[in-house]
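# Observations on chain architecture
Residues per chain, in single letters:
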Amino acid sequence: MKLAPLTLALTLSFPLFAQDQAPAIMQANDLLLSSVQSDLSLNASINDYLISEKLDGIRAFWDGKHFVTRSGNKLNAPEWFVQGFPSIPLDGELWAGRSGFQHVARTVLDTQPKDEDWQRITFMVYDTPTPNMSFADRYQLLHDKITTLNHHHIQVIEQFAVDDIKQLEKRLSQTVEHGGEGLMLHHKKNHYELGRSEQLLKLKEYQDAEAKVIGYEEGKGKYTGMMGAIWVKTADNVTFKIGTGFKDSERESPPPLGSMVNYRYNGKTEKGIPRFARFVRIRNNPDI
């Protein structure tokens, strides 16, 4: 693959998502471990939160009859998969275990569900949009309704508590060490709020974002003839390159110009450039 040092893609725009068709959802605020104390909601402490692992799957909503993605698309789950599911609305993640994201994405977005692929997937429930009920009470409601089903393909995500920030730091390190992404902190008294909630926090050891691919840089050394780095632009018009995180197959066939990619980074420079940016995956589908 012969690449110019920088090939710019012109007249390309960010994809528009069908937000008017999407279910109204609760969203979390990103939080790094170093800022836990200052980012906890007003007058709250770590003891006021229930904590669960952040799962790397496809967010899905059970409306009592069907699965719907966060962009409003119906998912074609096999009938045997949802047989016996509760009739109440459920908010959760279709998950195939740690490092199983690609399997989930290939499976649940397929218009023709394959039984053998769905066998590996579980609907991990973490909330129900029940008004005027605290998160602690909603968790108990889910526990009572779902654990008694004894259904292999639907589970309530375990919530736990910690006594202090040191215990939280230890649990986060253990989660990441074993392949997890991070932790979710739910204030025990939090009601289900549409949009971004100050009392729902996503805790990670890194930050993540997305940007549009606008060009390539040719590889050197063992990557001669392949892509060495991609140039990307954020929604804030910050341009930079990403040269790590790629498999050899992705360097031979890099993300297309104009496509959206997820990347991870650790803070930003004074000019707003993400530090240590590394590629995670292509993200052209709003449901991923």
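Residues numbered from 1 in each chain as written. Predicted model: local features only at pLDDT ≥ 70, side-chain atom pairs only at ≥ 80, totals over all residues. Heavy atoms only, no water.

## Observations concerning the overall build of the chain
Definition in use: We count a stretch as a helix when DSSP gives it H or I for four or more residues in a row; a strand needs E for two or more, and each element gets its number in order from the N terminus. Note on exposure labels: buried denotes an accessible area under 20% of the residue type's maximum, exposed denotes more than 50%, and partly exposed covers the range between, all computed with a 1.4 Å probe on protein chains only. The contact criterion used throughout is that any non-hydrogen atoms of two residues lie within 4.5 Å. The method behind every accessible area is Shrake-Rupley, applied with a 1.4 Å probe, and residues are considered shielded solely by the protein chains displayed.
Along the backbone of the chain there are seven helices and 15 strands. Every one of the 288 residues in the chain was classed for burial, and the buried ones make up 45%. Contacts spanning at least 24 positions in sequence make up 69% of the contacts within the chain whose residues lie at least 6 apart. With an accessible surface of roughly 15,100 Å², the chain has 48% of that area assigned to carbon and sulfur atoms.

## A look at the sheet that holds strand β3 (residues 58-62)
The condition that has to hold: A pair of strands is considered paired only if DSSP assigns at least 2 bridges between the two. For helices, the fitted line uses only the C-alpha atoms of the stretch in contact; every axis is such a line through C-alpha atoms, and the angle between N-to-C directions lies from 0 to 180 degrees.
Sheet architecture is open: six strands sit in the order β5-β4-β3-β6-β7-β8, paired in mixed fashion. Edge positions in the open sheet fall to β5 (74-75) and β8 (154-156), since each of these has one partner strand only. In this fold helix α3 (residues 101-108) packs onto β3, β5 and β6 (90-95), with an angle of close to 45 degrees to the strand it touches most, β3. Where helix α5 (residues 135-146) meets the sheet, it contacts β6, β7 (122-127) and β8, and its direction lies at approximately 150 degrees from that of β7.

## Some words on the nonpolar core
Worth spelling out the cut-off: The nonpolar core is taken to be a set of buried Ala, Val, Leu, Ile, Met, Phe, Trp, Tyr and Cys residues, with the residues joined through side-chain atoms within 4.5 Å.
If you look at the biggest cluster of nonpolar residues, it comprises 27 residues, and the most contacted ones within it are Phe67, Phe81, Phe85, Leu90, Leu94, Val108 and Phe123. Elements supplying a minimum of two residues to this core: β3, α2 (79-82), β6, α3, β7, α5 and β8. Val232, Val261, Tyr265 and Ala277 belong to the second-largest nonpolar core, a separate cluster that totals 15 residues.

## So, the sheet that holds strand β13 (residues 239-242)
The strand order across the open sheet formed by five strands is β13-β12-β11-β14-β15, and the pairing between neighbours is antiparallel. Only two strands of the sheet have a single neighbouring strand rather than two, namely β13 and β15 (278-282). Strand-to-strand twist in this sheet, taken as the mean axis angle between neighbours without regard to direction, amounts to 45 degrees. One ladder, built from four bridges, connects strand β14 (residues 260-265) with β15; its direction is antiparallel. Each bridged residue has a counterpart across the sheet, and for Arg264 the counterpart in β15 is Arg278.

## Description of the confidence of the model for the chain
Our working rule: The quantity known as pLDDT measures the predictor's confidence residue by residue, on a range of 0 to 100.
With 88% of its residues at a pLDDT of at least 70, the chain reaches an overall mean of 85. Confidence drops under pLDDT 50 across residues 4-20; counting only partners more than four residues distant or on other chains, this segment forms 29 contacts.

## So, the packing of aromatic side chains
Quick reminder of the rule: Note on aromatic contacts: the rings of Phe and Tyr and the six-membered ring of Trp form a pair at centre separations within 6.5 Å, being stacked when their planes are under 30 degrees apart, edge-to-face when over 60 apart, and tilted otherwise.
One pass over the full model with this rule turns up 13 aromatic pairs. On the numbers, 5.9 Å between centres and 65 degrees between planes, the contact of Trp80 with Phe81 is edge-to-face. Since its relative accessible area comes to 27%, Trp80 is described here as partly exposed. Using a relative accessible area of 0% as the deciding quantity, one classes Phe81 as buried.

## So, the environment of Asp117
Position of Asp117 among the secondary structure elements: in helix α4 (residues 115-118). The sequence separation of Asp117 and Arg106 amounts to eleven residues, and the corresponding C-alpha distance is 8.9 Å. If we ignore the near neighbours within four places in the chain, the residues touching Asp117 are His103 and Thr107.

## Side note on the pattern of salt bridges
Under the convention used in this document: Think of a salt bridge as a Lys or Arg side-chain nitrogen and an Asp or Glu carboxyl oxygen that are within 4 Å of each other.
A full pass over the atoms with the stated rule returns ten salt bridges. A salt bridge links Lys54 to Glu181; its shortest N-O distance comes to 2.6 Å. You can see Lys54 sitting in strand β2 (residues 49-54) and its partner Glu181 sitting in the loop between α6 (165-177) and β9 (182-187), a full 127 residues away along the chain. For Lys54, a relative accessible area of 15% gives the class buried. With its nearest N and O atoms 2.7 Å apart, the salt bridge here joins Asp208 to Lys204.

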